[in-house]
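These are the residues of each chain, in order.
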Amino acid sequence: MKKFNLFLIIVAILTVSFAGYVFISGGLGNNTSSKTGTLLDKFDTETTNENGIAVPERSGPILLSDRQVLSPTGSLNPNSILYYDKSTGELYELNLTDSTEKLVSNKPLPDLIGAVWSPLKRSVINLVRIENTLKFKHLDLTSGNETDFNANIRSVAFSPDANLIAYYYLDETIKLDENGLPIEQAGKIVLSQPSGVNGKKILDTRLKNLEISWPVADKIALKINSSDMFLLTETGQFTKLFEQKIELRERWSPSGKKLLFSSLTTDENGLVKPVLWLKDIESKEETPLDLEGDASLCAWSKDDITIICALSKSPSIHEIYKINSLDKSRKLAAEPNMLIKELLMSAAEYNLLMISAVDEKLYSIKISD
């Protein structure tokens, strides 16, 4: 009888130990199929410092969707975000408060490459691959109407008020003159309604590999070969902003008065690395932030001052920093312990939303004050 009781006690101890292991182990690790991670992922835990005083640790990332996510953005509801399912092209809205997901559009886009969102989020221009060619499609989210753009449109951007789009048109079909020699084709910058109709040309150009953005009302940005950038007004006035940068990446501040950018630089040891800079658009002054980083992995706060950036801790891990654009100060804001492909701020700016470069799923992490 004593041996039997001893056996029961041992079994009970082993059962409790195993249950405790299942409860607290896990996290992201190699398994990201959980909707919210473990319960402990949701709360700050405590550890002790070198003086034996308890201090809070930062929370880890929370998995928001089991889908592979493409082109996430804020929605009209400040507590929600919109994103595409990469595998199907279906559009979803996720409520960040209760984690409920709603299907917004089930139009099949299996070869979706990316999306250009209207600032008002009432429409979106999708870039899709069709028979080895890339083509833009405008989707009105209110009516559900879809419009195919001309196949010669190469880049597109919404105006800040969402009433117009600017696009770059280039017909690369080889045409011959009367002597049988190829005619060099010129492109053009066109303003039109968001669906692509009623276009008005504002500039002829022979520039190639051109990308368009529209940061403020009367300033359309044209980036060429990820090297040079010009500003173009709606009346066709042309101003140079950058030239001869290498792998230029940029993020405009909400006001359009500041530009965070990065370009590749070779250091004293011959290593090539991306370096972050700030540019004041009115004064044209450029200020180094003395940080290695890719501007495409940064996001501006609504205050037009704070910048959130994912900076490399190692080749496979990013850390999240808050950067003050006024005094260049910075501090560690979160440690997601993952490699980040894309990030954006939630509307309340308490959390950072991130797409993992490993599994392409969407996560959220709390940002420290």
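It should be emphasised that the depicted structure is a prediction, and the values quoted were computed from it without experimental measurement. (Residues numbered from 1 in each chain as written. Predicted model: local features only at pLDDT ≥ 70, side-chain atom pairs only at ≥ 80, totals over all residues. Heavy atoms only, no water.)

### Overview of the overall build of the chain
Here is step 1 of the chain: The number of helices and strands found in the chain is 1 helix and 32 strands.
Here is step 2 of the chain: Relative to its 369 residues, the chain shows a buried fraction of 40%.
Here is step 3 of the chain: Counting only contacts in the chain whose residues sit at least 6 apart along the sequence, the fraction spanning at least 24 positions is 35%.
Here is step 4 of the chain: Carbon and sulfur atoms make up 52% of the accessible area of the chain, which amounts to about 20300 Å² in all. (Helix = DSSP H or I, 4+ residues; strand = E, 2+ residues; numbered from the N terminus. Buried < 20%, exposed > 50% of the residue type's maximum accessible area, 1.4 Å probe, protein only. Contact = heavy atoms within 4.5 Å. Areas by Shrake-Rupley, 256 points an atom, 1.4 Å probe, with all protein chains shown as cover.)

### Points about unusual backbone geometry
Here is step 1 of the chain: At lysine 328, a position not held by glycine, the phi torsion is positive, near 65°.
Here is step 2 of the chain: Along the polypeptide, lysine 328 turns up in the loop between β28 (317-324) and β29 (330-338).
Here is step 3 of the chain: A relative accessible area of 29% places lysine 328 in the partly exposed class.
Here is step 4 of the chain: At glutamate 360, a position not held by glycine, the phi torsion is positive, near 60°.
Here is step 5 of the chain: Among the structural elements, glutamate 360 can be located in the loop between β31 (351-356) and β32 (362-366).
Here is step 6 of the chain: Taking the relative accessible area as the measure of exposure, glutamate 360 reaches 14% and is therefore buried.

### Considerations on the sheet that holds strand β24 (residues 272-280)
By definition, the strands of a sheet pair up through backbone hydrogen bonds, in either a parallel or an antiparallel sense.
Here is step 1 of the chain: Pairing is antiparallel in the open sheet, where 4 strands are placed in the order β22-β23-β24-β25. Of all strands in the sheet, those bounded by a partner on one side alone are β22 (249-252) and β25 (286-292). Strand-to-strand twist across the sheet, computed as the mean angle between neighbouring axes with direction ignored, equals 25°.
Here is step 2 of the chain: Pairing of β22 with strand β23 (residues 258-266) involves 4 bridges; the strand directions are antiparallel. Residue pairing for β23: arginine 251 is matched across the bridge by leucine 260. (Pairing = 2+ DSSP bridges. Axes fitted to C-alpha atoms, helices over the stretch in contact; angles between N-to-C directions.)

### Considering the environment of glutamate 90
Here is step 1 of the chain: Inspection of the secondary structure assignment puts glutamate 90 in the loop between β5 (80-85) and β6 (91-95).
Here is step 2 of the chain: The class for glutamate 90 is partly exposed, based on a relative accessible area of 21%.
Here is step 3 of the chain: Distance in space between the C-alpha atoms of glutamate 90 and serine 105 is 5.8 Å, their sequence separation being 15 residues.
Here is step 4 of the chain: Filtering out sequence-adjacent residues up to four positions away, glutamate 90 remains in contact with Tyr83, Tyr84, Asp85, Leu103, Ser105 and Asn106.

### A word on the pattern of salt bridges
Here is step 1 of the chain: Taken as a whole, this structure holds 18 salt bridges when the rule is applied.
Here is step 2 of the chain: Notably, a salt bridge pairs lysine 223 with glutamate 211, separated by 4.0 Å at the nearest N-O pair. In this pair, lysine 223 sits in strand β19 (residues 219-224) while glutamate 211 sits in strand β18 (residues 210-216), placing the two residues 12 residues apart along the sequence.
Here is step 3 of the chain: In this structure, the salt-bridge partner of lysine 273 is glutamate 292, at a minimum N-O distance of 3.3 Å. Of this pair, lysine 273 sits in strand β24 while glutamate 292 is found in strand β25, placing the two residues 19 residues apart along the sequence.
Here is step 4 of the chain: In this structure glutamate 292 comes out as partly exposed when scored by relative accessible area, which is 48%. (Salt bridge = Lys/Arg side-chain N within 4 Å of Asp/Glu carboxyl O.)

### Structural notes on the side chain of serine 227
Here is step 1 of the chain: Inspection of the secondary structure puts serine 227 in the loop between β19 and β20 (228-232).
Here is step 2 of the chain: Look at serine 227 and you get buried, because its relative accessible area is 16%.
Here is step 3 of the chain: If we ignore the near neighbours within four places in the chain, the residues touching serine 227 are Phe242, Glu243, Gln244, Lys245 and Leu248.

### Some remarks on the sheet that holds β6
Here is step 1 of the chain: Spatial strand order, β4-β5-β6-β7: 4 strands in an open sheet with antiparallel pairing. Edge positions in the sheet fall to β4 (69-74) and β7 (101-105), since each has one partner strand and no second. Taking the axes of each pair of neighbouring strands and ignoring which way they run, one obtains an average angle of 30° across the sheet.
Here is step 2 of the chain: Pairing between β6 and β7: 4 bridges, direction antiparallel. Along β7, the bridge assignment pairs leucine 91 with serine 105.

### Looking at the pairing of strand β10 (residues 133-140)
A regular strand carries its side chains on alternate faces of the sheet.
Here is step 1 of the chain: Two elements, strand β9 (residues 123-130) and β10, share 8 bridges in a ladder whose sense is antiparallel. Of the residues in β10, the one forming a bridge with isoleucine 130 is threonine 133.
Here is step 2 of the chain: A loop of 2 residues connects β9 with β10, the two strands running antiparallel in sequence, and glutamate 131 in this loop sits at a positive phi of about 50°.
Here is step 3 of the chain: Relative to strand β11 (residues 146-148), β10 is paired through 3 bridges, and the arrangement is antiparallel. By the bridge assignment, lysine 137 is partnered in β11 with aspartate 148.
Here is step 4 of the chain: The hairpin formed by β10 and β11 contains 5 residues between the paired strands, and glycine 144 there has a positive phi angle of roughly 85°.

### Some remarks on the pairing of β31
Here is step 1 of the chain: The buried fraction of β31 is high, at 5 of 6 residues.
Here is step 2 of the chain: Bridge analysis of strand β30 (residues 340-345) against β31 gives 5 bridges, and the strand direction is antiparallel. In the sheet register, glutamate 342 faces β31, and the bridge partner there is isoleucine 355.
Here is step 3 of the chain: As paired elements, β31 and β32 share 5 bridges and run antiparallel to each other. Paired with leucine 352 across the two strands is isoleucine 365, which belongs to β32.
Here is step 4 of the chain: Once β31 ends, the chain turns through 5 residues before running back antiparallel as β32, passing glutamate 360 with a positive phi of about 60°.

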